[in-house]
Amino acid sequence: LEANFMASGELKIDARRNKIIEILRRDGQVRVAQLSKELGTTMVTIRSDLDALEKDGYLERVQGGAVQTAVNFYNAEFLRKKNEKADIKKKIAEATADLIHDGDTILINSGTTTYFTAVALKKHKNLNIVTNSLMTAIELGANPSFKVILLGGEINFQYSFTYGNDALEQLKHYKANYAILSIDGVCLDGGVSTIYAEEAMVDRLMIERANETIIVADSQKLDKEGFMYVCDIKNVSKLVTEKNADPGFVKQMRDAGIKVIFG
């Protein structure tokens, strides 16, 4: 951040707002006068920054400054992850939605790529959605032609998903056409994996309860292993990824009987 200055010595707008978010996470609240002094800019500029950050969901404005709420903390993390390779994730999501038919029942786990897939699914009608993702449930719950079921259980609030025995017991009641899973690693020998130990069991049961499993993953997740093993590669029906995925890896997947689709 320190290197990102204008000729006047004032922080550029993105760097300044990132610094405000950093201070907010550290202190839980910020004051306009404090930020003006610390960041070397006018109070008018700081107020404009705070208004913009509130609009984007990063904070809540109060008289004289802003505060960090639990929802804002989550939104900041979700927005950060959602914005990483967003254009690629949206293309993957559109290609995935093209595999779904009106009236299908779908199991969807948490993740930003599955979130974008949920948005893309709005072009369909009469879908039954079972998910452990709070953001997916919120995104699709208002669609009058969808039946959306959010699995109960314990909540990982930072990453906004449910897990645990209650979620698993509820999930056992459903049978689906597809499980659409966002994961952290997929490779020939190590199979499918995730960095979230709490969600691994939910992912496994979604695979078991679906006729087909679709993995959605950008190229950074390919030929990688995450912290927690989910399943063998033979349990995957389709992999939807980006066009510049490594050709050698794509061939490995296709040789293993997995249909690879590019977004």
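A quick note: this is a predicted structure, and the numbers were derived from the prediction, not measured.

### What about unusual backbone geometry?
Positive phi values are uncommon outside glycine, yet Ser160 reaches one of about 60°. At Asp223, a position not held by glycine, the phi torsion is positive, near 60°.

### Focus: the packing of helix H1 (residues 13-27) against helix H2 (residues 32-39)
At a minimum axis distance of 12 Å, the contact between H1 and H2 shows a crossing angle of 125°. By the angle class used here, H1 and H2 are oblique. In the crossing of H1 with H2, the sense of the turn from one axis to the other is right-handed. Residues Arg16, Lys19, Ile20, Ile23, Arg26 and Asp27 of H1 touch H2, and the partners they reach there are Gln34, Leu35, Glu38 and Leu39.

### A word on the sheet that holds strand S6 (residues 147-150)
The pairing of strands in a sheet comes from backbone hydrogen bonds and takes either a parallel or an antiparallel form. The sheet built from seven strands is open, its strands ordered S6-S5-S4-S9-S12-S14-S15 with parallel pairing. Edge positions in the open sheet fall to S6 and strand S15 (259-262), since each of these has one partner strand only. Each adjacent strand pair in this sheet contributes to an overall mean axis angle of 20°, direction not counted. Of the pairings in the sheet, the one linking strand S5 (residues 128-131) to S6 comprises four bridges and is parallel in character. Its bridge partner being in S6, Thr131 is matched across the sheet by Leu150. Running over the sheet, helix H5 (residues 86-97) touches strand S9 (176-182), strand S12 (210-216), strand S14 (238-241) and S15 and is turned about 145° from S14. On top of the sheet, helix H10 (residues 247-255) reaches S14 and S15; it is set at about 140° to S15, its chief contact.

### With respect to the state of the cysteines
With the rule as written, the count across this model stands at zero disulfides. Cysteine Cys187 remains unbridged, with the sulfur of Cys231 as its closest cysteine sulfur at 11 Å. Overall, the relative accessible area of 7% leaves Cys231 in the buried class.

### What about the pattern of salt bridges?
For the coordinates displayed, the defined rule picks out 13 salt bridges. Here Glu94 and Lys123 are joined by a salt bridge, their closest N and O atoms 3.4 Å apart. Of the two residues, Glu94 is situated in helix H5 and Lys123 in the loop between helix H6 (112-120) and S5; the sequence distance between them amounts to 29 residues. Accessibility expressed as a relative area gives 40% for Glu94, which makes it partly exposed. Note on Lys123: relative accessible area 45%, which makes it partly exposed. The partner of Lys172 in a salt bridge is Glu169, with the nearest N and O atoms 2.9 Å apart. Beyond isolated ion pairs, a larger network of salt bridges with shared partners links Arg16, Arg17 and Asp49.

Parameters and conventions
Residues numbered from 1 in each chain as written. Predicted model: local features only at pLDDT ≥ 70, side-chain atom pairs only at ≥ 80, totals over all residues. Heavy atoms only, no water. Axes fitted to C-alpha atoms, helices over the stretch in contact; angles between N-to-C directions. Helix = DSSP H or I, 4+ residues; strand = E, 2+ residues; numbered from the N terminus. Parallel < 35°, antiparallel > 145°, perpendicular 65-115°, else oblique. Left-handed = near helix turned anticlockwise from the far one by under 90°. Contact = heavy atoms within 4.5 Å. Pairing = 2+ DSSP bridges. Disulfide = S-S within 2.5 Å. Buried < 20%, exposed > 50% of the residue type's maximum accessible area, 1.4 Å probe, protein only. Salt bridge = Lys/Arg side-chain N within 4 Å of Asp/Glu carboxyl O.

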